Amino acid sequence: MPTARDPLPRSLRTLPDESLPGFLLRMSHRLDLTPDQVARRVGLTTPKYAYAKASASHLLMMDEARLNDFASTVRIAPEEADALTLRSYGDRYPALTQMLVSPGKVLRPRREPWVLMNHSRYCPHCLAGDGTPIQNRHGGPWKRQWRLGFAFACLQHQVFLLSNCPRCRLPALGGRLSSSVALLPAPNTPRLHPAQCRNPVGDPAKREVCGHRLDASEPETAALPHDMANLQAVLLDLLVGDTPSDLASQRFANLQVAVSMIQAGWPVAADLVPARAHAPLEAHLAARPQSTRRTATEATSAQPGTPWNTPPASAIATAGVLLAAYHLLAQEPSGPRSTLPQLLRHLPTRDDLRWGRTWHTLAHEASPSLRRQIDQVYRHRLSPEWIRQGAPTLRPSKANSTQKIFSSVNNLTGLEISPERIPQFLPVSWLSAAIFEDPDSLIAARRRRLRRALPVHLVQAISNLNFLEAAAFLGIPTSWSTQDRLRIQPLAPFQDLKDRDLPATLRRLAQHIVGGKRIDYQARRREFSGWILGDRTWGDLCQHKNSRTGRKPTRRTREAASAFVWSRVTGSEFSLAPVFQPPIWHTDRALRSEIPHLELLRRWDQKQAPIPYPGLLAALESHAMRLANSTVTQSDQTGT
């Protein structure tokens, strides 16, 4: 656990979009210390291990105690310290999400092709600084965005980023890719400028480093074509712009899948790649093994080749394949000039290990529309015999093996209702309006199943989405319907509805929604995606606790109260509340169905006597109503 430290005698202001490794390099240059000495002084290494290096996991994020200790030591605000890490991009960039969210595990850096943990691209002009005295002395920033696989250009200087040092030909700030993942290479080498190459060269025993100035003008960086500059601007806007985080994450995942397919099927989609990117992209692909298709026994004893979802090392090649992926995704898949059907016919089968995480990304992170397009091409444009031979289609599972999972329903016509008006978790009162006169008489597990599944069926009935896509539209995690024990799956009318007709039930439910207040639940889920109860509001609410036992509300009570209000406002499941998600809910705290938080929430939701903190519950309901009324969206007012 980090301990309190005295502030450093001198420090620096962080630069816009500066990364933690770059900040350490500038600090060490200012203090005339090695980066390792600075890292130990600010608490980024373990004191009891004399030879331990600062872990690259700090580039991903720092826990709250370490972050505050680091910030106070270097005399900056905790928000500035957090901005040196990649954490703020986690909800928009799926490759980071996989690395940041590991419940119950220690955060460790690992090989992720779309996050450059052990090296960095760079712009020589940025490293040279902006001409101010402080940057003339200590150089410009090593930027965070250069660590993300989609970053291939500097829009400020309109040039492609460089990947390798011109002298040693090794990746910048990384050296040999087989080395351990540390925050910086050669951290004990003194008196190097932040823009000098720190890659080890020659005899490892002599601990020599390259030392080349990466901010030099040679080799001249390539000018950036207009179409690639526009693409880089679009991708940066997805990362830091106003696009909802879930949509931005899906679009990045779509690009990753498309890049994998283009590289796996090369040169089928070569016409989509700009001519200047052909040579570096082909050099990247030529370095891969020609075949890694193995039996199950062979696969356990041998490592796969470089996955197809790995972006090229060359920034120009990366720009080319990303531009091709962007155009591929923009095409109408059923159009006569679509590249997708032809590309799919030439892809290796799904059991080829070079796919890496491509099909996991498609199933769990990409947009429902892309999954539907690929599924439609496989089912309607390609021969069944080819599919049976092992085409890389979505593999059948317990959740999607039945026809009703993959088929669209769309059988409600003549009703002016949109999917946005359907809540994720059905209110009990709606059950009584559409199906049962006394829903409270149902067994709790069955009532919860109906409240989960009926909204998904209703989205199906008024759209062209299948069950999995409808669940994703409502914000339900894909893992609930595709992994382990299914928490949500299609209803069986005979068992779940007591032999009631499902289409008729959905129509009555839709009519009930049409006759009620127009609420855009999807907009509310986005608006409140990070909402929790504030300290002042919680203090006011606690004045109404009125507990018969005299117990005081605890941290657990507050977390449950935050989830209760959020659920009421957004019409969503308690367990998906922001208070139960990282980074608010710490990764080492498991969220299981039997935890006391959810038990308390169910008692409050079902008015189960004796009600814990009855006065507080009434105050929470009133607060949720006021909050909902004060945040009416444009769609709520006008209808959709």
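Residues numbered from 1 in each chain as written. Predicted model: local features only at pLDDT ≥ 70, side-chain atom pairs only at ≥ 80, totals over all residues. Heavy atoms only, no water.

**Some details on the pattern of salt bridges**
Quick note on the threshold: Take a side-chain nitrogen of Lys or Arg and a carboxyl oxygen of Asp or Glu: if they are within 4 Å of each other, that pair is a salt bridge. Numbering of helices and strands starts at the N terminus; helices are DSSP runs of H or I of at least 4 residues and strands are runs of E of at least 2. Under the scheme applied here, a residue whose accessible area is under 20% of the maximum for its type counts as buried, over 50% as exposed, and between as partly exposed, the area being computed with a 1.4 Å probe on protein chains only.
A full pass over the atoms with the stated rule returns 13 salt bridges. A salt bridge links Asp 17 to Arg 144; the shortest N-O distance between them is 3.2 Å. You can see Asp 17 sitting in the segment before α1 (20-31) and its partner Arg 144 sitting in the loop between α8 (133-138) and β1 (153-154), a full 127 residues away along the chain. Each member of the pair, Asp 17 together with Arg 144, is buried. A salt bridge links Arg 568 to Glu 621; its shortest N-O distance comes to 3.8 Å. Of this pair, Arg 568 sits in helix α27 (residues 555-570) while Glu 621 sits in helix α29 (residues 614-630); the two residues are 53 residues apart in sequence, bridging distant segments of the chain. For Arg 568, a relative accessible area of 35% puts it in the partly exposed group. Look at Glu 621 and you get partly exposed, because its relative accessible area is 26%. Ionic contacts of the salt-bridge type, sharing partners, join the residues Arg 451, Arg 568, Asp 605 and Glu 621 into one network.

**Points about the confidence of the model for the protein**
Stated precisely, the cut-off is as follows: A residue's pLDDT is simply how confident the predictor is in it, with values from 0 to 100.
Per-residue confidence for the protein gives a mean pLDDT of 80, with 79% of residues at or over 70. Of all helices and strands in the protein, the one with the weakest mean pLDDT is helix α12 (residues 296-301) (30), whereas β1 scores best (96).

**Quick look at the packing of aromatic side chains**
The criterion, for reference: The criterion for an aromatic pair is that two Phe, Tyr or Trp rings (for Trp, the six-membered ring) have centres within 6.5 Å, with stacked assigned to planes under 30 degrees apart, edge-to-face to planes over 60 apart and tilted to the rest.
Under the counting rule described, the total for this entry stands at eleven aromatic pairs. Their ring planes at 70° and their centres at 6.3 Å tell us that Phe 23 and Phe 70 sit as a pair that is edge-to-face. In this pair, Phe 23 sits in helix α1 while Phe 70 sits in helix α4 (residues 64-74), placing the two residues 47 residues apart along the sequence. Counting every residue linked through ring pairs, the aromatic cluster contains Tyr 93, Phe 150 and Phe 252.

**Side note on the packing of helix α26 (residues 535-542) against α29**
This is how it is decided: Whenever a helix is involved, its axis is fitted only over the stretch in contact; in every case the axis is a line through C-alpha atoms, and angles between N-to-C directions fall within 0 to 180 degrees. Here is the rule for angles: anything less than 35 degrees is roughly parallel, anything more than 145 is roughly antiparallel, 65 through 115 is roughly perpendicular, and the remaining ranges are oblique. Two residues form a contact once any of their heavy atoms are found within 4.5 Å. Throughout this entry, Asp, Glu, Lys and Arg are counted as charged residues, while Ala, Val, Leu, Ile, Met, Phe, Trp, Tyr, Cys and Pro are counted as nonpolar. The remaining residues, Gly among them, count as polar.
The N-to-C vectors of α26 and α29 enclose an angle of 135°; their axes lie 9 Å apart at closest approach. On the basis of the axis angle, α26 is oblique to α29. Contacts from Thr 537, Trp 538 and Leu 541 of α26 reach α29 at Leu 616, Ala 619, Leu 620 and His 623. Split by residue class, the contact of α26 with α29 holds five nonpolar, two polar and no charged.

**What to know about α26**
Quick note on the threshold: This arc describes the spread of directions from the helix axis toward the C-beta atoms.
Within the sequence span of α26, burial applies to Trp 538, Leu 541 and Cys 542. Angular distribution of buried residues about the axis of α26 spans 100°; they occupy a single face of the element. Lining the buried residues of α26 we find α27 and α29.

**Description of the side chain of Thr 73**
Spelled out, the test is: For the purposes of these results, a polar contact is taken to be a pair of N or O atoms within 3.5 Å, where, inside protein, one atom must be able to donate a hydrogen and its partner to accept one; residues adjacent in sequence count only when each atom of the pair is a side-chain atom.
Here Thr 73 is to be found in helix α4. Owing to a relative accessible area of 0%, Thr 73 belongs among the buried residues under this scheme. At a separation of 2.7 Å, a polar atom in the side chain of Thr 73 contacts the main-chain carbonyl oxygen of Asp 69. Residues in contact with Thr 73, not counting those within four places in the same chain, are Arg 5, Asp 6, Pro 7, Leu 8, Arg 41 and Val 42.

**What to know about the nonpolar core**
The condition is simple: Among buried residues, those of type Ala, Val, Leu, Ile, Met, Phe, Trp, Tyr and Cys that are joined through side-chain atoms within 4.5 Å constitute a nonpolar core.
The biggest cluster of nonpolar side chains holds 108 residues, and the ones touching the most others in it are Leu 44, Phe 70, Tyr 93, Phe 152 and Met 261. Grouped together as the second largest cluster of nonpolar side chains are 64 residues, Ile 435, Ile 519, Cys 542 and Trp 604 included.

**Focus on unusual backbone geometry**
Note on backbone geometry: most residues besides glycine have negative phi, and most peptide bonds are trans. For the bond from Trp 266 to Pro 267, the omega torsion is 15°, close enough to zero to count as cis. Positioned with a positive phi, Asp 32 is a non-glycine residue whose angle comes to about 60°. Relative to the elements of secondary structure, Asp 32 occurs in the loop between α1 and α2 (35-41). By relative accessible area, which is 53% here, Asp 32 ends up exposed. Phi at Arg 169 is positive, roughly 65°, even though this residue is not glycine. Inspection of the secondary structure assignment puts Arg 169 in the loop between β2 (159-160) and β3 (200-201). Here Arg 169 falls in the exposed class, since its relative accessible area comes to 62%.

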